[in-house]
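Single-letter residue listing:
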Amino acid sequence: MIVVASSNGRVGIQAAMDVLKAGGTAVSAVEAGIRLVEANPEDHSVGYNSYPNILGELELDASIMNGRSLESGAVGAMRGYLYAITVARQVMEKLPHVFLAGEGAERFAAEMGHERASDLVREEIMAFREERLKRDMPAEVFDNLAQRSDLYEWVKLATDPQRTYGTVNFLAKDSHGDICAGVSTSGWAWKYPGRLGDSPIIGAGNYADNRYGAAACTGMGEMAIRACTAHSVVFYLKMGMSVEEAGKRAMADLNDLGGRFISRMNLVVLDKDGNSGGFTSHQDGTYIYQTADMDTYVEPNRTYVNIPARWDQEK
Ligand code: ASP
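Scope of this entry: the structure provided in the associated data block. (Residues numbered from 1 in each chain as written. Predicted model: local features only at pLDDT ≥ 70, side-chain atom pairs only at ≥ 80, totals over all residues. Heavy atoms only, no water.)

**Concerning the pattern of salt bridges**
Thought 1: The full count for this structure, using the stated rule, is 16 salt bridges.
Thought 2: The salt bridge partner of K134 is E130, with a shortest N-O separation of 2.6 Å.
Thought 3: Taking the relative accessible area as the measure of exposure, K134 reaches 34% and is therefore partly exposed.
Thought 4: Its salt-bridge partner being R135, residue E131 comes within 3.1 Å of it at the nearest N-O pair.
Thought 5: Assessed through its relative accessible area of 41%, E131 is described here as partly exposed.
Thought 6: Judged by its relative accessible area of 47%, R135 falls in the partly exposed class.
Thought 7: Beyond isolated ion pairs, a larger network of salt bridges with shared partners links E31, R89 and E93. (Salt bridge = Lys/Arg side-chain N within 4 Å of Asp/Glu carboxyl O. Buried < 20%, exposed > 50% of the residue type's maximum accessible area, 1.4 Å probe, protein only.)

Encoded structure:
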């Protein structure tokens, strides 16, 4: 039994391991770990008190994948409900669908009995948003952003790829050998309304298959969507690569992307035998894991793979 997570999963990893030790499933462990991160007001990239979109609205994305059956569930751009990972799990378990977005996700959350919350972002975050956006736009633009028809121009200026990272990844393997991967995020700070990142997209930010392993991403979701990164990692494991080789190879694929917007990427990986690894394109990243015989988690450095960043510039 093992739980692997991005380092901001510290607040949830023990709860996830407790679920596994009590005989619970990898799916329940991943959900339990992620819910604690979603409820953590100190984490501004997941759930409660996170950075909103450019209009100041919090839009949450999450997904979960059961590696035993390859069933999965996801929600995208969901407003007003905190526990996106639980709603994603309910999509997987209660619907013939995989992915609900926007109003449909909110309607479904209500049907599932989730409590609607209008106060998911504290004043200090809204004040930070105002201060941050006003560095790039005149006050009169900021004051009527919702009415403007040139939001697309302001998003390019205000979205700062170096300051908007976060997102939580959890991977778990339970006592039956079943593997699950889950991801939850508020996405990029100040993103365009309705923008979906990789986190709710199965194969991009999240993938699990008992036969080979699991992977999940944080970083610039657009890159992971374009390269199908989480699925690529699992595919490379399927081809017989080690965790180290598979992670580096998927990162190299990202480095080959063209286009104008390239920024950071991080991966966590777990293979079917319980070997884990973390990868990052910036120098100082860590990830965490805990096995059943450990009292607490350890936090190793991620393997660094250079992906030169560029913003609004061709290669
Ligand atoms: N991958 C997330 C997204 O693109 C953001 C992040 O990991 O920080 O929405």
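Let's pick the thread back up.
**A short note on the site of the ligand**
Thought 1: Taken together, the neighbourhood of the ligand is formed by 13 residues, with G166, T167, R195, D198 and G219 sitting nearest.
Thought 2: Interatomic distance of 2.8 Å between a backbone N/O atom of G166 and an oxygen atom of the ligand.
Thought 3: Summarising the interface, the protein chains cover 100% of the accessible area of the ligand, which totals 270 Å² for the free molecule.
Thought 4: Residue composition of the shell around the ligand, by class: 2 nonpolar, 9 polar and 2 charged. (Near = heavy atom within 4 Å. Polar contact = N/O pair within 3.5 Å; in protein donor to acceptor, adjacent residues only side chain to side chain. Areas by Shrake-Rupley, 256 points an atom, 1.4 Å probe, with all protein chains shown as cover. Nonpolar A, V, L, I, M, F, W, Y, C, P; charged D, E, K, R; others polar.)

**Quick notes on the layout of surface pockets**
Thought 1: Taken as a whole, the second largest pocket encloses approximately 240 Å³ of empty space.
Thought 2: If you go around the second largest pocket, the residues you meet are V155, K156, T159, W188, K191, Y192, R195, M220, E222, R260, F261 and W311.
Thought 3: Residues that form the lining of the second largest pocket fall into these classes: 6 nonpolar, 1 polar and 5 charged. (1 Å grid on protein atoms, 1.4 Å probe; cavity = no way out; pocket = protein on both sides within 12 Å on 5 of 7 lines; lining within 4 Å. Points joined across faces, edges and corners; volume = space filled by probe spheres on them.)

**Looking at the nonpolar core**
One broad trend across soluble globular proteins is that nonpolar side chains are buried collectively.
Thought 1: Of all hydrophobic cores here, the largest spans 40 residues; its most connected members are L171, M223, M251, L254, M265, L267 and V269.
Thought 2: The set of elements that each furnish at least two residues to this core consists of β1 (2-6), β6 (179-185), β7 (206-209), β8 (213-219), α8 (221-227), α9 (229-238), α10 (243-255) and β10 (265-271).
Thought 3: Excluding anything up to four places from it in sequence, M223 contacts T229, L254, L257, F261, I262, S263, R264, M265 and I307. (Core = buried A, V, L, I, M, F, W, Y, C linked by side-chain atoms within 4.5 Å. Helix = DSSP H or I, 4+ residues; strand = E, 2+ residues; numbered from the N terminus. Contact = heavy atoms within 4.5 Å.)

Geometric values such as these leave the question of function open.
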